[in-house]
Amino acid sequence: CVKILEQCPNTYSQKGSLKDKVVTVINRSEIVGRPLAAMLANDGADVYSIDINSIYLFRGGRLLPCPDETPESCVRKSTIVITGVPTKAYRLPTEWIQPNTTIINVSSYKNVDEDAILQIP
């Protein structure tokens, strides 16, 4: 996932940093979500880590609870959104996604409506 982001325009700076970027990772699994959030935070991003019953912010080596945030508010702030929800029933609401946002789905299920995302300016 990090290698994909390195190739995407407007993600990593020329210095290999995600400083000043906001990322949302949906599904804080021990296999993908949590380690990915930590790696992206180590590269300088503020990373919202969303799970079924909580939201945390990875920032500067710390894990901070975010009781006032919602999945929608996190996604709307983000320039990068990564989904990894292992169920057919989950779809990231397209109306939450801002223009020029990089979306990556690492789930074996389609967590995003690809046709709808392509309509976002």
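Each chain has its residues counted from 1, following the order in which its sequence is written. Given that the model is predicted, a residue must reach a pLDDT of at least 70 before its local features are reported, and side-chain atom pairs must reach 80 or more before they are shown or counted; all residues, however, enter totals for whole chains, interfaces and linings. Neither water nor hydrogens contribute to the side-chain values; these are computed over all heavy atoms in the structure.

(A) Examining the side chain of T101 more closely. Labels follow the DSSP assignment, with helices taken as runs of H or I lasting at least four residues and strands as runs of E lasting at least two, numbered in each case from the N terminus. Position of T101 relative to the elements: it lies in the loop between β5 (80-83) and β6 (102-105). Within the structure, the side chain of T101 is placed 2.7 Å from the backbone oxygen of Q98, a separation counted as a polar contact. Once residues within four sequence positions are removed from consideration, T101 is found in contact with S78, T79, I80 and V81. Polar contact is the term for a pair of N or O atoms within 3.5 Å; when the atoms are in protein, one must be able to donate a hydrogen and the other to accept it, and sequence-neighboring residues count only if both atoms are side-chain atoms. Two residues qualify as a contact provided that any one of their heavy atoms is within 4.5 Å of a heavy atom in the partner residue.

(B) Highlighting a nonpolar patch on the surface. On the surface, a nonpolar cluster with roughly 280 Å² of combined accessible area is contributed by I31, V32 and V106. Tracing the chain through its elements places V32 in the loop between β1 (22-26) and α2 (33-42). What makes a patch is a set of residues exposed beyond 30% relative accessible area and free of salt bridges, joined within 9 Å when like-charged and within 5 Å when nonpolar (Val, Leu, Ile, Met, Phe, Trp, Tyr). The Shrake-Rupley method, run with a 1.4 Å probe sphere, supplies the accessible areas, and residue values consider only the shown protein chains as cover. The working definition used for a salt bridge is a side-chain nitrogen of Lys or Arg within 4 Å of a carboxyl oxygen of Asp or Glu.

(C) The pairing of β1, seen in detail. Summary of the burial criterion: residues with accessible area below 20% of their type's maximum are buried, those above 50% are exposed, and those between are partly exposed, where the area comes from a 1.4 Å probe applied to protein chains only. With five of its five residues buried, β1 lies for the most part within the structure. What makes two strands pair is DSSP finding at least two bridges between them. Bridging between β1 and strand β2 (residues 46-51) involves five bridges; their strand directions are parallel. Within β2, the position partnered with V25 by the bridge is S49. Handedness of the β1-α2-β2 crossover: right-handed. Summarising the sheet, β1 and β5 pair through four bridges and their orientation is parallel. Following the sheet pairing, V23 is matched in β5 by I80. Every crossover in which the path from the first strand over the helix to the second runs clockwise, viewed with the strands pointing away from the viewer, is termed right-handed.

(D) The side chain of N27, seen in detail. Considering the arrangement of structural elements, one finds N27 in the loop between β1 and α2. Relative accessible area serves as the criterion here: at 16%, N27 is assigned to the buried category. In terms of polar contacts, N27 uses its side chain to reach the backbone carbonyl oxygen of G84, at 2.6 Å. Those residues in contact with N27 that sit more than four places away from it in its chain are G33, I50, D51, G84, V85 and P86.

(E) Just the nonpolar core, in detail. Within the largest apolar cluster, 17 residues are counted, with the highest numbers of intra-cluster contacts made by I26, Y48, I55, V75, L92 and I97. For this core, the secondary-structure elements that each account for two or more residues are β1, β2, β3 (54-59) and α3 (71-77). Residue contacts for I97: discarding those within four places in its chain leaves V75, L92, I103, I117 and I120. The set of buried Ala, Val, Leu, Ile, Met, Phe, Trp, Tyr and Cys residues whose side-chain atoms join them within 4.5 Å is what this entry labels a nonpolar core. Among the nonpolar cores identified, the runner-up in size contains 14 residues, and L40, A41, A45 and I104 belong to it.

(F) Here's a closer look at α2. For α2, the set of buried residues is G33, L36, A37, L40 and A41. Projected down its long axis, α2 carries its buried residues within an arc of 135°, all on one side. Positive phi appears at G44, one or two residues downstream of α2, with a value of about 110°. As used here, the arc is the angular range of directions from the helix axis to the C-beta atoms.

(G) Region of interest: the pairing of β5. Residues I80 and I82 point to one face of β5 and V81 and T83 to the other, with burial holding for every one of them. In this sheet, β6 lies alongside β5 in parallel orientation, the contact comprising four bridges. Bridging from a neighbouring strand, T83 pairs with N105 of β6.

(H) Representation of unusual backbone geometry within the structure. Residues other than glycine seldom take positive phi values, yet D20 does so here, at roughly 70°. Given a relative accessible area of 71%, D20 falls into the exposed group. Unusually for a residue other than glycine, N100 sits at a positive phi of about 65°. You can see N100 is positioned in the loop between β5 and β6. A relative accessible area of 69% places N100 in the exposed class.

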